[in-house]
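# Understanding the architecture of this molecule
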Amino acid sequence: VAVADLAALRIDTSRKAGKCPCCRAPFSLDDLQGDDDLVENMKARKVICPFPGCHDEILLTDLKSHEATCGHQPVKCKYAPYGCDWTGLRKDLDAHEKCDCPYGRISKLVEEVRILKASHEQQVVRMQMNISRLSHQVASNRGNGTGNGGGGYGMISSEDPGSLFDCLKFA
């Protein structure tokens with residue numbers, strides 16, 4: 001059996017065996033041998049871009065990178081998460097976002113909201129981690145007899161209600 005790429009055949013190399021995709025006959029990886037001519041043929045093979053309207057001929061090995069930048073690729077507006085429902089070609093995206101998109105006109109505000117939202121999400125994660133850590137400490141101290149009736153914790157006034165350390169007093 002000659003192959004150019006084991007991954008292309010979807011062979012699980014950890015199993016050391018497989019089945020022929022054509023006739024389903026079993027074989028081991030030891031039965032496989034590289035086909036240098038096939039590899040070279042595939043490297044030289046040209047294909048036409050799959051996006052309608054683009055007739056570029058690309059080397060098969062360059063297809064993924066072409067698809068990532070092709071002006072005929074259908075894309076969504078970067079403001080789609082905020083409500084823009086525009087879908088069009090990559091080559092028209094900049095013009096849409098700069099001129100036509102109502103969210104693009106307020107892009108600075110949208111970007112500030114996005115950054116603020118991300119910051120708040122990070123704060124929530126940090127606070128959840130602090131709550132979890134402090135809950136474990138309280139449970140541990142209660143198990144030691146230091147946190148239940150022995151005076152170790154008490155509420156104090158908080159300068160910053162978002163800070164757990166201002167709310168708990170460790171004696």
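Refer to the structure presented above.
Each chain has its residues counted from 1, following the order in which its sequence is written. Only residues with pLDDT of at least 70 are given local features in this predicted model, and only at 80 or more are side-chain atom pairs given and counted; all residues enter the totals for whole chains, interfaces and linings. Calculation of side-chain values draws on the structure's entire complement of heavy atoms; hydrogens and water are dropped beforehand.

Glancing now at the overall build of the protein. Note on conventions: DSSP H or I runs of at least 4 residues are helices, E runs of at least 2 residues are strands, and numbering of each starts at the N terminus. Helices and strands together make up the secondary structure of the protein, namely five helices and ten strands. Exposure categories follow from relative accessible area, calculated using a 1.4 Å probe and restricted to protein chains: below 20% of the type maximum is buried, above 50% is exposed, and the middle band is partly exposed. Across the 171 residues in the protein, those meeting the buried criterion constitute 19%. Entry remark: accessible area of the protein is about 12,900 Å², with carbon and sulfur atoms responsible for 53%. Using a 1.4 Å probe, the Shrake-Rupley method yields the accessible areas, and only the shown protein chains count as cover for residues.

For this text, the term disulfide refers to a pair of cysteine sulfurs within 2.5 Å. Applying the stated criterion across every chain yields a total of zero disulfides. Unpaired in this structure, cysteine 49 has its nearest cysteine sulfur neighbour in cysteine 54, at a distance of 3.7 Å. Just so you know, cysteine 77 is unpaired, no disulfide at all, and the nearest cysteine sulfur is the one on cysteine 84, 3.8 Å from it.

Buried together is how nonpolar side chains tend to be arranged in soluble globular proteins. Judged by nonpolar contacts, Cys49, Phe51, Cys54, Ile58, Leu63 and Cys70 together constitute the single largest core of six residues. Pairs of residues are marked as contacts when any of their non-hydrogen atoms sit within 4.5 Å. Dropping the residues within four chain positions of it, cysteine 49 is found in contact with Cys54, Asp56, Ile58, His66 and Cys70. For our purposes a nonpolar core is just a set of buried Ala, Val, Leu, Ile, Met, Phe, Trp, Tyr and Cys residues, chained together by side-chain atoms within 4.5 Å. Judged by nonpolar contacts, the second largest core, of five residues, contains Cys77, Tyr79, Cys84 and Val110.

Backbone geometry places arginine 24, a non-glycine residue, at a positive phi of 65°. Secondary-structure assignment places arginine 24 in the loop between strand S2 (17–19) and strand S3 (26–28).

On to the pattern of salt bridges, then. One speaks of a salt bridge when a side-chain nitrogen belonging to Lys or Arg is within 4 Å of a carboxyl oxygen belonging to Asp or Glu. Evaluation of the coordinates by the stated rule reveals two salt bridges. Here arginine 114 makes a salt bridge to glutamate 111, at a shortest N to O gap of 2.6 Å. In this pair, arginine 114 and glutamate 111 both sit in helix H4 (residues 107–144), three residues apart, roughly one turn of the helix. Arginine 114 sits in the partly exposed class, given a relative accessible area of 39%. Taking relative accessible area as the criterion, glutamate 111 reaches 35% and is therefore assigned partly exposed.

With that settled, consider the environment of cysteine 70. Mapped onto the fold, cysteine 70 is located in the loop between helix H2 (63–69) and strand S7 (74–76). The class of cysteine 70 is buried, set by a relative accessible area of 3%.

Quick look at a nonpolar patch on the surface now. In this scheme, patches are assembled from residues that exceed 30% relative accessible area and form no salt bridge. Like charges are connected within 9 Å, while nonpolar side chains (Val, Leu, Ile, Met, Phe, Trp, Tyr) are connected within 5 Å. Among the surface-exposed residues, Tyr82, Ile106, Leu109 and Val113 lie close enough to one another that they form a single nonpolar patch of about 340 Å² accessible area. With respect to the helices and strands, leucine 109 occurs in helix H4.

Okay, the side chain of glutamine 73 next. Looking at the element boundaries, glutamine 73 is found in the loop between H2 and S7. Looking at glutamine 73, the relative accessible area reads 18%, which means it is buried. At 2.4 Å, the side chain of glutamine 73 and the side chain of arginine 90 are in polar contact. The contact partners of glutamine 73, leaving out residues within four places of it in the chain, are Phe51, Glu67, Ala68, Gly88, Leu89 and Arg90. Any pair of nitrogen or oxygen atoms within 3.5 Å is treated as a polar contact; in protein, a donor-acceptor pairing is required on top of that, and neighbouring residues in sequence qualify only through side-chain atoms on both sides.

Mapped onto the elements of the fold, glutamate 67 is located in helix H2. For the buried residue glutamate 67, which engages in no salt bridge, the nearest side chain bearing the opposite charge is lysine 64, 4.4 Å off. Setting aside its immediate chain neighbours within four residues, glutamate 67 contacts Pro50, Phe51, Gln73 and Arg90. Charged-residue counts in this description rest on Lys and Arg as positive and Asp and Glu as negative, His and the chain ends being excluded.

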